[in-house]
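Chain by chain, the residues run as shown.
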Amino acid sequence: MAGVELRNVTKKYRDGVVALRNFCLDVRDGEFVVLTGPPGCGKSAVLRAVAGIDVPTEGEIRIGDRLVSGVRAEDRGSALVSRDYLPNMNKSVYKNMEGGTRGNPFFKTLEDGAGQKVRETARMLGIEHLLERAAKDISSSQRRKAAMGRAIVSSPQIYMIDDLLAGLEMRPREQMRLEILSLHRRLRATFIYAARDHVEAVTLGSRVVVMRDGAAEQADTPANIYRRPVNLFVAGYFGSPQMNFVEAELVSDDGRVFAAWKGCKIRLSGTHAEAVSAGGYVGRAVILGIRPEDLLCGEEASVISPGGVVEARVEHTAMLGQEVILYLSAGGQAMTSRVSPLTEVAAGDAIRLSIATDRLHIFDKDTERAIT
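Values in this document were obtained by computation on a predicted structure and should not be read as measured data.

A.B. asks: Please give an account of the nonpolar core that cites residues and values.
C.D. replies: Note that soluble globular proteins tend to have their nonpolar side chains buried in a common cluster. In terms of nonpolar packing, the biggest core is built from 44 residues, with Met 148, Ile 180 and Tyr 193 touching the most fellow members. A total of six residues in this core trace back to one element, the largest contributor, which is helix α4 (residues 140-153).

A.B. asks: For unusual backbone geometry, give the residues involved together with the corresponding values.
C.D. replies: Here the residue pair Ser 240 and Pro 241 is connected by a cis peptide bond, since its omega of 0 degrees sits within 30 degrees of zero. When you line up the elements, Pro 241 lands in the loop between α8 (232-237) and β11 (244-253). Unusually for a residue other than glycine, Asn 22 sits at a positive phi of about 45 degrees. Its location among the elements puts Asn 22 in strand β2 (residues 18-27).

A.B. asks: Before we move on, can you summarise the pattern of salt bridges with the specific residues and values?
C.D. replies: A full pass over the atoms with the stated rule returns 24 salt bridges. A salt bridge links Arg 28 to Glu 31; its shortest N-O distance comes to 3.0 Å. On the basis of relative accessible area, Arg 28 is assigned to the exposed category, the value being 53%. One salt bridge connects Asp 253 with Lys 265, and the closest N-O pair in it is separated by 3.8 Å. Of the two residues, Asp 253 is situated in strand β11 and Lys 265 in strand β13 (residues 264-267); the sequence distance between them amounts to twelve residues. Overall, Asp 253 belongs to the partly exposed group, its relative accessible area being 35%. What emerges from the salt-bridge pattern is a single network uniting Glu 5, Arg 7 and Asp 26.

About the cut-offs
- Residues numbered from 1 in each chain as written.
- Predicted model: local features only at pLDDT ≥ 70, side-chain atom pairs only at ≥ 80, totals over all residues.
- Heavy atoms only, no water.
- Core = buried A, V, L, I, M, F, W, Y, C linked by side-chain atoms within 4.5 Å.
- Buried < 20%, exposed > 50% of the residue type's maximum accessible area, 1.4 Å probe, protein only.
- Helix = DSSP H or I, 4+ residues; strand = E, 2+ residues; numbered from the N terminus.
- Salt bridge = Lys/Arg side-chain N within 4 Å of Asp/Glu carboxyl O.

Next comes the structure, spelled out in structure tokens:
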């Protein structure tokens, strides 16, 4: 197997669109890395560049120890899997998995032993009973498994998977997600997966790359990205409901540092106060980031975080079974809070909220970079 290295890769198309901007990434041998970000951020462009479908305008790509600039797609030892991609929908699943149409740029046509490899792979994917059926006559989730099987039978070093679960219903989506993770463990290969859904990204990848405008904003474990986002964009992209953002002014009072906005004032924890003081932010406006689960509701909230109590009004509630989402207004700022289903509040109620100030995120208003 092999890892992948991209160094300052830029891809600019003839129409002037820049898909990648000095993109850098190291994927270790056997790692499962997920690229995520909004539409047009460059996820698919990375896969196509590694696969050799698109030639970068600038930069270098290595697969293992080999520089692959100028190496044909079929000679790179990689496989690109797209949802519903099968070369001939009128042919059987078997023919599609076998390699079917010559000249396909993604995979080599198999040599001797193809039949056995196809059937072994189909059995592993649970689609052996579909091998003689035409690709057009099977379901979307089954076609995606066949597309994955087509990649497996070519025995690549690198699997690049482009949003394979998009558009599936919840149950087959969850089932296929588990099957992809199981395949990664069994194949022990390098997986690079592009996902538009951030929830899918964190449940699949051991490392996640958040992209915007063709560049990597942050590459880290899902937990680190959620807990320590590097900027406002990453903080807002990860999490559902989205992180609350509040514009506030940092003020000093009797040696303590507070964040204040219309009718609200919370005391910063020691580490946060030290960081903003050292950075010269006291007396300036910043953006506060508060995760919905860090907005505590109820009388006990002031005991848990006595320095972060604010008054709020409940605008709407949404019961989601294991949790309730409160849509609130506090000091003229719209906020959401995730609370226990046992919490008894209703639209129109005035409540006390306590912000877990030790888990507060603070961002520079101008650069949008994280201060804490």
